[in-house]
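Okay, here's what each chain looks like letter by letter:
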Amino acid sequence: MSRSVEYIPVILNAIRVDTIVGCDLYLQNCINNEVSYVLYCSGTNVVKSDKIDDLQKHQIKQLFIRKEDKKIYLKYVESSLKHIVNDDRVDIKEKALIVYDVAKNIMNDVFEDPRSGEYVERSKSWVSNTIDFIIKSKGSFSSMMGMISYDYYTYTHSINVSVLGLLFAKYFGFDGGEMQSFGTGLLLHDVGKTQIDPQIINKKERLNDEEFARIKMHVELGADILKQTGGVDRASFFPIMQHHEKYNGKGYPNGLKGDAIHKYGKIAGIIDVYDALTTQRAYSDARKPFAALKIMNEEMKGSFDEKYFKDFILFLGSGGEKQNQKSKKKFPMPV
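What you see is a predicted model, and the numbers here were worked out from it, not measured in a lab. All residue numbers refer to position in the chain's written sequence, counted from 1. This being a predicted model, a pLDDT of at least 70 is required before a residue's local features are given, and a value of 80 or more before pairs of side-chain atoms are given or counted; all residues contribute to the totals for chains, interfaces and linings. Hydrogens and waters are ignored; side-chain quantities use all the structure's heavy atoms.

## Describing the overall build of the protein
The secondary structure content of the protein amounts to 15 helices and 4 strands. Taken over C-alpha atoms, the radius of gyration comes to 22 Å for the protein, in line with the 20 Å a tight globule of 335 residues would show. Note on exposure labels: buried denotes an accessible area under 20% of the residue type's maximum, exposed denotes more than 50%, and partly exposed covers the range between, all computed with a 1.4 Å probe on protein chains only. A burial count over the protein gives 49% of its 335 residues as buried. The contact rule is simple, with two residues in contact once any of their heavy atoms fall within 4.5 Å. Restricting to contacts in the protein with at least 6 residues of sequence separation, those with at least 24 account for 68%. The charged-residue count follows a simple rule in which Lys and Arg add positive charge and Asp and Glu add negative charge, with His and chain termini not counted at all. To locate a charge, the coordinates of NZ of Lys, CZ of Arg, CG of Asp or CD of Glu are taken. Counting 47 positive and 44 negative side-chain charges, the protein places the centres of these two groups 6 Å from one another. Put simply, DSSP marks the helices as runs of H or I at least four residues long and the strands as runs of E at least two long, and each gets a number from the N terminus on. Computation of the radius of gyration draws on C-alpha atoms, with the globule rule given as 2.2 Å multiplied by the number of residues to the power 0.38.

## Some remarks on the nonpolar core
Soluble globular proteins: nonpolar side chains tend toward being buried together. The biggest cluster of nonpolar side chains holds 92 residues, and the ones touching the most others in it are Y73, W126, M296, F312 and F315. Among all residues touching M296, those that are not within four sequence positions of it are I270, V273, Y274, L277, K301, F304 and F309. Residue types Ala, Val, Leu, Ile, Met, Phe, Trp, Tyr and Cys, when buried and joined through side-chain atoms within 4.5 Å, form a set referred to as a nonpolar core.

## Notes on helix α14 (residues 289-298)
Every buried residue of α14 is listed here: A292, L293, I295, M296 and N297. Elements that come into contact with the buried residues of α14 comprise α13 (263-278) and α15 (306-317).

## Description of helix α7 (residues 154-172)
The span expected for a helix works out to 1.5 Å for each residue beyond the first. Between the first and last C-alpha of α7 there are 26 Å, a value that for 19 residues agrees with the 27 Å anticipated at 1.5 Å per step. Burial analysis of α7 places 16 of its 19 residues in the buried class, the great majority of the element.

## Re the environment of D109
Relative to the helices and strands, D109 resides in helix α4 (residues 92-112). Excluding its chain neighbours within four sequence positions, the residues that come into contact with D109 are K71 and R122. Within polar-contact distance, the side chain of D109 engages the side chain of R122 at 2.9 Å. Within 3.5 Å is the distance limit for a polar contact, defined as a pair of N or O atoms, with the added protein rule that one can donate a hydrogen and the other accept it, and that residues adjacent in sequence qualify only through two side-chain atoms.

## Overview of unusual backbone geometry
Of note, the amide linkage connecting Y252 to P253 takes the cis form, showing an omega dihedral of 10 degrees. Examined against the element boundaries, P253 turns out to sit in the loop between α12 (237-242) and α13. Despite not being glycine, D18 has its phi angle at roughly 60 degrees, a positive value. Mapping D18 onto the fold places it in the loop between β1 (7-11) and β2 (25-31).

## Things to note about the pairing of strand β3 (residues 34-41)
Here, any two strands with at least 2 DSSP bridges between them count as paired. Bridge count between β2 and β3: 7 bridges; the pairing is antiparallel. Directly across from N29, in β3, lies its bridge partner S36. A loop of 2 residues connects β2 with β3, the two strands running antiparallel in sequence, and N32 in this loop sits at a positive phi of about 50 degrees.

## What to know about the environment of D54
Secondary-structure assignment places D54 in helix α1 (residues 49-57). Taking the relative accessible area as the measure of exposure, D54 reaches 36% and is therefore partly exposed. Sequence separation between D54 and C23 is 31 residues, and the spatial gap between their C-alpha atoms is 20 Å.

## Side note on the pattern of salt bridges
Should a side-chain nitrogen of Lys or Arg be within 4 Å of a carboxyl oxygen of Asp or Glu, the pair is scored as a salt bridge. Enumeration over the complete set of coordinates arrives at 20 salt bridges. Taking the shortest distance from any N to any O, the salt bridge between R66 and D24 comes out at 3.4 Å. Here the residue R66 occupies a position in strand β4 (residues 62-66), and D24 occupies one in the loop between β1 and β2, the gap between them amounting to 42 residues. Of the charged contacts, one joins K193 and D190 as a salt bridge, the two residues approaching to 3.4 Å between their closest N and O atoms. Of the two residues, K193 and D190, neither departs from the other in class, the shared state being buried. Put simply, K71, K75, E78, D109, E118 and R122 are held in one network by salt bridges that share partners.

## What to know about the confidence of the model for the protein
Residue-level confidence of the predictor, termed pLDDT, takes values from 0 up to 100. With 92% of its residues at a pLDDT of 70 or more, the protein shows a mean pLDDT of 90. Low confidence marks residues 325-333, where pLDDT is under 50. Its contacts with residues over four positions away, or in another chain, come to 13 contacts.

## A closer look at the packing of aromatic side chains
Each pair of aromatic rings taken from Phe, Tyr and Trp, with Trp reduced to its six-membered ring, is defined by centres within 6.5 Å and is described as stacked if the planes are under 30 degrees apart, edge-to-face if over 60, and tilted in the remaining cases. Counted by the stated rule, this structure contains 18 aromatic pairs. With a centroid separation of 5.2 Å and 75 degrees between ring planes, the pair formed by Y274 and F312 is classed as edge-to-face. Note that Y274 is positioned in helix α13 and F312 in helix α15, a separation of 38 residues in sequence. Assessed through its relative accessible area of 6%, Y274 is described here as buried. The structure contains a cluster of three or more aromatic residues connected by ring pairs, namely F141, F168, Y171, F172, F174, F182, Y264, Y274, Y308, F312 and F315. For a Lys NZ or an Arg CZ to count as sitting over a ring, it must be within 6 Å of the ring centre and within 35 degrees of the ring normal. Geometry around F174 places K263 over its ring, the cationic atom sitting 4.7 Å from the centre.

## Examining the packing of helix α2 (residues 70-79) against α4
Only the stretch in contact is used when a helix axis is fitted, and all axes are lines through C-alpha atoms; the angle between N-to-C directions ranges over 0 to 180 degrees. Following both chains from N to C, one finds α2 and α4 inclined at 110 degrees, their axes separated by 9 Å at the closest point. Classed by the angle they form, the pair α2 and α4 counts as roughly perpendicular. Handedness of the α2/α4 crossing: left-handed. For the pair α2 and α4, contact is made by K70, K71, L74, K75, V77 and E78 and by I98, D101, V102, N105, I106, N108 and D109, respectively. Gly is put with the polar residues, along with every residue not named as nonpolar or charged; the nonpolar set is Ala, Val, Leu, Ile, Met, Phe, Trp, Tyr, Cys and Pro, and the charged set is Asp, Glu, Lys and Arg. Residues of the contact of α2 with α4, tallied by class, amount to 5 nonpolar, 2 polar and 6 charged. Between 65 and 115 degrees an angle is taken as roughly perpendicular, under 35 as roughly parallel, over 145 as roughly antiparallel, and anywhere else as oblique. Each crossing gets its handedness from the near helix: less than a right angle anticlockwise from the far helix is left-handed, clockwise is right-handed.

In structure tokens:
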């Protein structure tokens, strides 16, 4: 008999007929409070429509996979993401979970092998499907915000920043092409950190001058990797290269000031700091959204383009939807 901890659930509607999943699928049995798992479909077999129909007829909504097979399963789901996003049978929260989990799998691969050309195309495809989800799904804001991880890892931070950026881009009225370039740049904005000693990245104490100088190199290191890899369009490099530039000219790597910073760079800088402040770090606790915005408004005054910063605050307060003047929700500037 198998122990339940060895298995994790997957939603039935994520499994497409006439496909090979690549890992074994199991049904869960519970008899006399004893849980066991029965092989339902081998990972080498094609999933037939009659098998799916039979499960749906019996109102079975989930199957199980071995925990160790999760990476294989997520690669399978990644190939079907477009269909899942557009499948009305899949609950919006389940879609959001799948979208976020697929991104984690992609970014894990990115940070393990940053020079692989494959991950750029996978990243761009994920952004495209996420844009479809955000634009077409009512309630995508709350569903995706609910997925955001509040434990800081470089790869989850990259996903959080991209999700927040895409939601804000929709709110701000970016067209599909702008969202694609912007979202791809955000997802890949910290690739250069793969070239930095993890002991510096994860250090709990304050960085010394030498360590901070090394950290700052991640921007140009990341841009160099992506230029060599290819496949990243010119506009996507603005958030990659400029997410640490500051409106007052005190940022890096080029000390750009004011409107010398592209709008993608300005917005990326706001979202990058906001996510860093609201997630649990090795050296600091996660702040609540209002507290984070207050720090940004007071302690980092001059760092951000005021117009985009105010719009970002309104975006968070409005649930991601533009409000008309009469119904506009109040979400005060931190003072």
